[in-house]
Amino acid sequence: MTEAFAKATSQDFGIYYAEDCAGRGKKRIELTGRNAEAAWSTPIKGSASDLSGRLPLVLGMPILLVDNLAVELGLCNGSYGKLISINYTVKHGRRYAISAEADFPRYRNPDRTALHPHRALIPVRRKP
């Protein structure tokens, strides 16, 4: 679906990766090499809490929040928005998403002088 959106809007289709880890606490380690490749090749599942470590993103695509980030400001689970930009780092030739800027019609920036009152910076992370 994301590739079709990219083609229809003449946008670049990009895959961003998660720094997947195994274990908890002091035993938590980052998956690398074949282990990371296996995690990234896992098909995306139906549950938003069980996504693979790959995230296809296209500027302008619709997005859906899956966490309550700031309910009092309108950034809550189920909020629809539009992707504006992606902040990422490149590591081992792969793009790792750090955060995304998106417009959310129901979001109200507390800074009344903000140029874009419905725009928010959203962390892109995979829950441990």
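A brief look at the structure comes next. A quick note: this is a predicted structure, and the numbers were derived from the prediction, not measured. (Residues numbered from 1 in each chain as written. Predicted model: local features only at pLDDT ≥ 70, side-chain atom pairs only at ≥ 80, totals over all residues. Heavy atoms only, no water.)

### Examining the nonpolar core
One finds Leu75, Leu83 and Phe104 to be the most contacted residues of the largest nonpolar core, which totals 18 residues. If you list the elements that add at least two residues to this core, you get β6 (80-91), β7 (94-103) and β8 (119-123). Here the element with the most residues in this core is β7; it accounts for three residues. Ignoring anything within four residues of it in the chain, the contact list for Phe104 reads Ile63, Leu65, Leu75, Ser79, Tyr80, Gly81, His118, Ala120 and Ile122. By size, the runner-up hydrophobic cluster in this structure holds six residues, among which are Tyr17, Ala36, Ala39 and Tyr96. (Core = buried A, V, L, I, M, F, W, Y, C linked by side-chain atoms within 4.5 Å. Buried < 20%, exposed > 50% of the residue type's maximum accessible area, 1.4 Å probe, protein only. Helix = DSSP H or I, 4+ residues; strand = E, 2+ residues; numbered from the N terminus. Contact = heavy atoms within 4.5 Å.)

### A closer look at the side chain of Ser79
With respect to the secondary-structure elements, Ser79 resides in the loop between β5 (62-64) and β6. By relative accessible area, which is 11% here, Ser79 ends up buried. Discounting residues that sit within four places of it in the chain, Ser79 has contacts with Ile63, Leu64, Leu65, Gly74 and Phe104.

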